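Chains, contacts and geometry: an overview
So you can see what is in the structure, the chains are spelled out below.
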Amino acid sequence: MRYTTDDAPIFVIDQSRCIGCEACVQACMECGTHRGRSLIHLEHVDRASTTQTAPMVCMHCEDPTCAQVCPADAIKQTEGGIVQSALKPRCIGCSNCVIACPFGVPKYMAELDQMMKCDMCTDRTSEGLKPMCASVCPSQALWYGTIDEYNDTRRGALLRDFFFGRQEVRTKVYTVVDDLSAGPLDVMGDGQRSWLDDPFGLDEAAP
Amino acid sequence: MARPPVSEEELVARYGPHLNEAPPGGWDAGVTPDRVVNTHCCFCGQQCGIKLKALDNAVVGFEPWYEFPFNEGKLCPKGVKRYLQGNHPDRLLHPLERDSAASGGFRPVSWDHALDRVVGEVRRIQATHGNDAVAMLSGVSLTNEKSYLIGKFARLALQTANLDYNGRYCMVSAGTGNKKALGIDRASNPWSDIPLADVVWVAGSNVAETFPITTSYVWRARDRGARLIVQDPRVVPLARTADLFLGVRPGTDSALFGAVLHQLIRHDWLDHAFIDAHTVDFEHAAAAVTEMTSQWASDITGVPASRIEQAAEWWGTASTGMLLHARGIEQQTKGVDNVLSAINLGLATGKFGKPGCGVTTITGQGNGQGGREHGHKCDQLPGNRDITNPDHRAYIASVWGCDEAEIPGRGIPAQEIIEAIHAGQIKGLISICFNPAVSAPDSNFTAEALGRLEFYAAIDFFLSESGHHADIVLPGSLHEEDEGTSTSGEGRIIKINPAVTPPGEARRDWEILIDLAERLGRGKYFAYTSTREMFEELRIASAGGTADYSGATWERIETEMGLFWPIPGEGHPGTPRLFEGGRFYHPDGKARFHGVAFRESAEVVDDEYPIWLTTGRVVSQYLSGTQTRRIAGLVDQYPEPLCEMHPRLAERLGVTEGDRVTVRSRRGEMTLPAHVVTTIRPDTVFIPYHWPGARSANQLTNRAVDPASKMPEFKVAAVRVTTAGGRTSTTDARDLDLTEGRE
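Residues numbered from 1 in each chain as written. Chains lettered and ligands numbered in written order. Predicted model: local features only at pLDDT ≥ 70, side-chain atom pairs only at ≥ 80, totals over all residues.

With respect to the overall build of chain A
As a reminder, the rule being used: Under the scheme used here, helices are H or I runs from DSSP no shorter than 4 residues and strands are E runs no shorter than 2 residues, and both carry numbers assigned from the N terminus. Counting other C-beta atoms within 10 Å of each residue's C-beta, where C-beta atoms are placed from the backbone, gives the exposure class: buried for 20 or more, exposed for 12 or fewer, partly exposed between.
The number of helices and strands found in chain A is seven helices and eight strands. Taking the principal axes of the C-alpha coordinates as reference, chain A spans close to 70 × 40 × 35 Å. Burial statistics for chain A: of 207 residues in total, 43% are counted as buried.

If you want it as structure tokens, here you go:
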């Protein structure tokens, strides 16, 4: 099964489904052009109190901050809106992009003296295949498909507008929230499941 | 005496585990594969479809197999990196003989020498001590064909009764419970039923780490509005978003299930028509739970009574529901009781044999389902037949072309084999695909037992820690080096295709066994030239048995993306969902309720050992780690065992994150870093078991077994925890690699 350009497939991150297995990170290394380098992140939010993990691919901003701050004009977007790794001949390894990205995506690769980042597996998506991370993701916290497929099979509203201070950022990649008007899902939040504040009933059981 | 020939350090220096980091030629080699092979992951019972890319005689990478219906391309990190077990520097390339003077403790020998030595020692031991003094231990990462062959090899070539398999440490409580209650040992449903359930209840299964792809099935149900209940001593990753969490104390699952049945009866959330028409002995189950109030169960399990009542209401009032259980409730001295009390909940509410309804185990090992059906269990013959049943014996004798009397009787199960070795009753051992030095309980005892063998031959592709004890090591084959079938946890028979041939002088496992049979003078029973011939014989041998494969062909298995047994006869479509129409597999067609009284685990906490220990797995490692401890990316993810404990316990012990602690049980002790997390019960510590020697959690576990299934109690032990001094950084080393870039 391959997607065509007309299908306009989207990439969706649903952090609530992430199981922290790192299949995405491991698979990213295996994408043909990545050659053993994982270009995405997976972080434990606060392992002391939760197994919540956060997989982070590039959000592919419509007007990418990383490109705005690049003094060498080394970061380019494809026609399809994919923000690419820094062009090797231009990149001066200054890490402005690493610091400026509101999502913490770009990585400075010291041994290459170059910034590399998630390119949405251009070699795969350009041929209609899913990116490696969304292909393997066991829980489908990372998801790739058409809007119709999403609406038919998944729940949760899709959000792609973010505010960082006064900067408004619109991204190509979507994240999932329960309620669009409530803003991004607070993955550390309580109140959704009554047991979560006291998983073992320690307070309930106290004499 | 089969003691390691040289120090552990020397063995590790020569035979590993070393880490394979990159495909052949390195990441920048840019190789173009000359073929892509549709096959399956070699690890857990989900048996995800995967495409292996090969060039010359090397596996160089993988590609998701989107068309395979079970996983549609999805893989966990073990599946992603599984191809790196090939072209590995630790791969055994020659037969080896123990020689403490040789570098690494073994010298390479010829196949003739190695096989003749094995045969000579087997004959010597059997002539002196009887045939059963030689045992065989096998494993269910092997294909159906090899499992079948080993069952026949042990009985007709070794002529010993004492063959058992490593499922004894995995699925056997589920199998025993299923047979007692339902008359058949198979998953009740295909996984496509999970999304149809209105309630999904996961009991004692860390699905996210041990069956990661199953998570997507649970979410498909939740996307339809299903409720998720998770029962576990830890808030495992799947539990984090569950609608209801039942944080049970280790070893109390049947009390919880009993209390739920009590509630179902009390509120009349019962399917009386189903109970009347399709079951017997409901009154026994009901009588056993009369006193099991939710408050009583709460006192035992530590789960608030209100949550037990909530679980009962959701399960009892939902029109569809699936209860999935795994090692958490099964690896106990009450494993079978726990399974039976879970099945009671399905039978009481009529949740069997309908879309989205079932109570099923999630089989752990790659071919855990198929491997156990075809005769390398100590009490079974192919087709799930009973080795003590005269009709079954006669039928298999007719297939094998032997006299019925030539088939030995029932042997002893794996843990008893190890005990018998320790006691000096079993003197010789052949093992394949089984690493008891790491995976058996009470590992100090296991090492002592292996050291007492007069002769031990191990068939291994990497030198396992059990292989350290071997007199002869026979280099066998990896999953991707042989052709055959396996049967996934769903009961789906799938096709394993070879991508490469064994390197060096290594041989396919079945070729080694056939050669041994020949040299033992029993070659007439083993005239196979391919694994396909074994499958064709297996079809006949299984015909008419419960696990009937007679209608399955390799061609149909590939074309139809798997076939669900039973498939009695040519053209049969297979049986994805069992028990449709309320037909169970006992002779009267009815399921059995069982009255399950609660009893404590073999060992309970006391003043000396006041903390519960439970063991399990992490997502990046598989079982005893023989394969996964040799793959760099997986080792980076979770390099060494950590002792998970709640901050309340840590505070009482004066321990903070990363402090080294010593955990002691009545069997042994180990020192390891503490991992302080609120996601575990404050009275319980958890340690994953994938490592050998001083890092083995099984130094602490208890050899006590379930009386019916003979499953050891890996999930419950009593320990004492003290600070050991010193700290270890628990920072993920890969975080640094990622920012610095990997060399």
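Here we look at the overall build of chain B
Filter applied, for reference: Our radius of gyration is a C-alpha quantity, and the globule rule it is checked against amounts to 2.2 Å times the number of residues to the power 0.38. The contact rule is simple: place each C-beta atom from the backbone, and if two of them lie within 7 Å, those residues are in contact.
The helix and strand tally for chain B stands at 25 helices and 30 strands. What you see for chain B is a C-alpha radius of gyration of 25 Å, in line with the 27 Å of a compact globule of 743 residues. Dimensions along the principal axes, computed over C-alpha positions, put chain B at roughly 70 × 65 × 55 Å. The buried share of chain B, reckoned over its 743 residues, is 64%. If you take every contact in chain B between residues at least 6 apart in sequence, the share linking residues at least 24 apart comes to 74%.

Remarks on the sheet that holds strand β3 (residues 58-64) of chain B
All names here are of chain B. Note the cut-off: Criterion used throughout: strands pair if DSSP finds at least two bridges between them. Note on geometry: axes are C-alpha line fits, over the in-contact stretch for helices, and angles between N-to-C directions span 0 to 180 degrees.
With antiparallel pairing, the three strands of this open sheet are ordered in space as β1-β2-β3. Edge positions in the open sheet fall to β1 (35-40) and β3, since each of these has one partner strand only. Strand-to-strand twist in this sheet, taken as the mean axis angle between neighbours without regard to direction, amounts to 35°. Strand direction decides the pairing type here: strand β2 (residues 49-55) and β3, joined by six bridges, are antiparallel. Bridging across to β3, Ile50 finds its partner in Pro64.

Some details on the sheet that holds strand β13 (residues 357-361) of chain B
Residues and elements named next belong to chain B. Spatially, five strands are ordered β10-β9-β8-β12-β13 in an open sheet, and the strand pairing comes out parallel. Looking at the sheet topology across the chains shown, the edges are occupied by β10 (244-246) and β13. Across the sheet, the mean angle from the axis of one strand to that of its neighbour is 10°, orientation sign disregarded. Looking at chain direction, strand β12 (residues 321-325) and β13 are connected through five bridges and run parallel. Bridge pairing links Leu324 to Thr360 in β13. Sheet contacts for helix α12 (residues 305-317): β8 (199-203), β9 (227-231), β10 and β12; angle to β10, the most-contacted strand, approximately 125°.

Some words on the packing of helix α4 (residues 144-157) of chain B against helix α21 (residues 531-542) of chain B
All names here are of chain B. For clarity, the threshold we go by: Each angle is binned into one of four classes, with values under 35 degrees roughly parallel, values over 145 roughly antiparallel, values of 65 to 115 roughly perpendicular, and all other values oblique. Side-chain classes follow a simple rule in which Ala, Val, Leu, Ile, Met, Phe, Trp, Tyr, Cys and Pro form the nonpolar group, Asp, Glu, Lys and Arg form the charged group, and the remainder, Gly included, forms the polar group.
In the contact formed by α4 and α21, the axes pass within 9 Å of each other and the chain directions differ by 70°. Here α21 runs roughly perpendicular to α4, going by the angle between their axes. Along the contact surface, α4 presents Asn144, Glu145, Tyr148 and Leu149, while α21 presents Thr531, Met534, Phe535 and Leu538. Class assignment of the residues belonging to the contact of α4 with α21 gives a composition of five nonpolar, two polar and one charged.

Remarks on the interface of chain B and chain A
The interface is formed by 49 residues belonging to chain B together with 43 residues belonging to chain A. The element that contributes the greatest number of residues to the side of chain B that touches chain A is helix α7 (residues 214-223) of chain B, accounting for four residues. Of the residues contributing to the side of chain B that touches chain A, the split by class is 25 nonpolar, 13 polar and 11 charged.

Remarks on the packing of helix α17 (residues 414-422) of chain B against helix α19 (residues 443-451) of chain B
All names here are of chain B. Quick note on the threshold: We call a crossing left-handed when the near helix sits turned anticlockwise from the far one by less than a right angle, and right-handed when that turn is clockwise.
The contact between α17 and α19 brings their axes to 8 Å, and the two run at 60°. Looking at the two axes, α17 sits oblique to α19. For the element pair α17 and α19, the recorded crossing hand is left-handed. Contact residues: α17 offers Ile418, Ile421 and His422, while α19 offers Phe445, Thr446, Glu448 and Ala449. Split by residue class, the contact of α17 with α19 holds four nonpolar, two polar and one charged.

Focus: unusual backbone geometry
Between Gly16(B) and the following residue, Pro17(B), the backbone shows a cis peptide bond with an omega angle of 15°. Along the chain, Pro17(B) turns up in the loop between α1 (8-15) and β1. Between Trp565(B) and Pro566(B) the backbone carries a cis peptide bond, its omega angle lying at 0°. Within the element layout of this structure, Pro566(B) appears in the loop between β21 (563-564) and β22 (591-592). Phi at Gln140(A) takes a positive value of approximately 60°, unusual for a residue other than glycine. Among the secondary structure elements, Gln140(A) is positioned in the loop between α5 (132-136) and β6 (142-145). Non-glycine residue Asp268(B) carries a positive phi angle of around 55°. Checked against the element boundaries, Asp268(B) lands in the loop between α8 (253-266) and α9 (272-278). With 8 C-beta atoms packed within 10 Å, Asp268(B) lands in the exposed category.

Description of the environment of Arg630(B)
Residue and element names in this part refer to chain B. Its place among the elements puts Arg630 in the loop between β23 (611-616) and α23 (632-637). For Arg630, a count of 21 C-beta atoms within 10 Å translates into the label buried. Arg630 sits 610 residues away from Asn20 along the chain, and the two C-alpha atoms are 6.1 Å apart. Apart from residues no more than four positions distant in its own chain, Arg630 is found in contact with Gly16, Pro17, His18, Leu19, Asn20, Gln85, His88, Asp90 and Phe462.

Details of α19(B)
All names here are of chain B. As a reminder of what qualifies: The reported arc concerns the directions from the helix axis to the C-beta atoms and nothing else.
Along α19, the residues classified as buried are Ser443, Thr446, Ala447, Ala449 and Leu450. The buried residues of α19 occupy an angular sector of 160° when projected down its axis, which confines them to one face. Buried positions along α19 lie against α17, α18 (436-439) and β17 (455-460).

Structural notes on the confidence of the model for chain B
Test applied: Looking at any residue, its pLDDT shows the predictor's confidence there, from 0 to 100.
Looking at chain B as a whole, the pLDDT averages 96, with 98% of positions reaching at least 70. We note a pTM of 0.96 for the whole complex and an ipTM of 0.95 for its interfaces.

Side note on the environment of His262(B)
All names here are of chain B. Counting through the fold element by element, His262 comes out in helix α8. Here the alpha-carbon distance between His262 and Ala286, two residues 24 residues apart in the chain, equals 7.3 Å. Excluding residues that lie within four positions of it along the chain, His262 makes contacts with Val289, Met292 and Thr293.

Describing the domain arrangement of chain B
All names here are of chain B. The criterion, for reference: An automatic or database domain assignment supplies the start and end points of every domain.
Segmenting chain B into domains produces domain 1 (19-85), domain 2 (96-165 + 367-572), domain 3 (172-361) and domain 4 (611-740). Distance between the C-alpha centres of domain 2 and domain 4: 32 Å. Between domain 2 and domain 4, the contact holds 16 residues from the first and 18 residues from the second. Contributions of two or more residues to the side of domain 2 that touches domain 4 are made by α17, α18 and α19. The residue inventory of the side of domain 2 that touches domain 4, partitioned by class, reads seven nonpolar, six polar and three charged.

Structural notes on the nonpolar core
Rules: Buried Ala, Val, Leu, Ile, Met, Phe, Trp, Tyr and Cys residues whose C-beta atoms connect them within 7 Å together make up a nonpolar core.
By size, the foremost hydrophobic cluster in this structure holds 251 residues, and its most contacted members are Cys24(A), Cys133(A), Val200(B) and Val260(B). Tallying contributions element by element places helix α14 (residues 335-348) of chain B first for this core, with eight residues. Setting aside anything within four residues of it in sequence, one finds Val260(B) in contact with Ile308(B), Ala311(B), Ala312(B), Trp315(B) and Leu345(B). Ile680(B), Ile687(B), Tyr689(B) and Leu700(B) belong to the second largest nonpolar core, which has 29 residues in total.

Looking at α21(B)
All names here are of chain B. For the record, the criterion: Here a helix's expected span is defined as the number of its residues, less one, multiplied by 1.5 Å.
Between its first and last C-alpha atoms α21 spans 16 Å; for 12 residues at 1.5 Å apiece the expected length is 16 Å, and the two agree. The secondary structure elements touched by the buried residues of α21 are α4, α16 (390-400), β19 (484-487), α20 (509-519) and α22 (554-559). At the exit of α21 stands Gly544, carrying a positive phi of roughly 85°.

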